[in-house]
Amino acid sequence: QNDPTPDPMTYYNAGYHYYSLKQWAQAETYLKQAHVLKPQNTTVINYLGLVAMQSKDYTQAMQWFEKGIKIAPDRFFYNNRAQVYLRMGKYPEALKALDQSLQYDQQRVKEVKRQYARPYLHQAEIYMALGTPDKALAATDQALLRAPNYAAVHGLRADIFKKNKQCDRSKESAIKACAAKEEAYCQWSCP
């Protein structure tokens, strides 16, 4: 506070740590100060959007992510925009934003194993909410091509297989989720 030339990274670091502690109001205060000092920093903009999303201020979150996309479009902004749509129950918009994230990533990274898996997880979640488990399963297949040990994906697959009354496959996925530290699946049962 007394530094005549404040370092925006100091504010960002404080904001990031408050974000990690889930103290959204404190995080926002420091991140906004970092943004004032360095308005084009897309990492700060992204975290401001994430804070707004966690605070359920979806309009503000969307504005931050859109600002980030205008400065430097990347897979994270599109994916996070999809998360806002998902939380708002706007599934078609969420799927479109996820497609943009995937397209951007696939153009940037040609090797499948190095591509971003998270949008496929979110696609699967949306397809489950829409009642299309086959599409959800296909999305999880794509996620696992990119990240074979993705615990949340194995957990979602356990849920999908359980819903489809495929207990052997459900248990197999639950074991993989548990092994990858998704502890909710360590005591998995399937009737």
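Residues numbered from 1 in each chain as written. Predicted model: local features only at pLDDT ≥ 70, side-chain atom pairs only at ≥ 80, totals over all residues. Heavy atoms only, no water.

Draft legend 1. Up close: the side chain of N41. Among the structural elements, N41 can be located in the loop between α2 (24-37) and α3 (42-54). The exposure class assigned to N41 is buried, which follows from its relative accessible area of 15%. (Helix = DSSP H or I, 4+ residues; strand = E, 2+ residues; numbered from the N terminus. Buried < 20%, exposed > 50% of the residue type's maximum accessible area, 1.4 Å probe, protein only.)

Draft legend 2. Just α2, in detail. The terminal C-alpha atoms of α2 lie 20 Å apart, and with 14 residues this matches the ideal 20 Å at 1.5 Å per residue to within 8%. Taken residue by residue, α2 has A27, L31, A34 and H35 as its buried positions. Down the axis of α2, the buried set is contained in an arc of 100 degrees. They therefore lie on one face. Of the exposed residues in α2, the ones pointing more than 90 degrees away from its buried face are A25, T29 and V36. Among the structural elements, α1 (8-20), α3 and α4 (58-71) are those in contact with the buried residues of α2. (Expected span 1.5 Å × (residues − 1). Arc of directions from axis to C-beta. Contact = heavy atoms within 4.5 Å.)

Draft legend 3. Up close: the nonpolar core. Counting 48 residues, the largest nonpolar core has L31 and V84 as the members making the most contacts within it. Sort the elements by how many residues they give to this core and α3 lands first, with eight residues. Not counting residues within four places of it along the chain, the set of residues in contact with L31 comprises Y11, Y12, G15, Y16, V44, Y47, L48 and V51. (Core = buried A, V, L, I, M, F, W, Y, C linked by side-chain atoms within 4.5 Å.)

Draft legend 4. Up close: the packing of aromatic side chains. A full pass over the atoms with the stated rule returns 10 aromatic pairs. Taking the centre distance of 6.5 Å and the plane angle of 55 degrees together, the rings of F65 and F77 count as tilted. Pair noted here: F65 is in helix α4 and F77 is in helix α5 (residues 75-87), with a separation of 12 residues, a long-range link. Assigned by exposure class, F65 and F77 land together as buried. (Phe/Tyr/Trp six-rings, centres within 6.5 Å; stacked < 30°, edge-to-face > 60°.)

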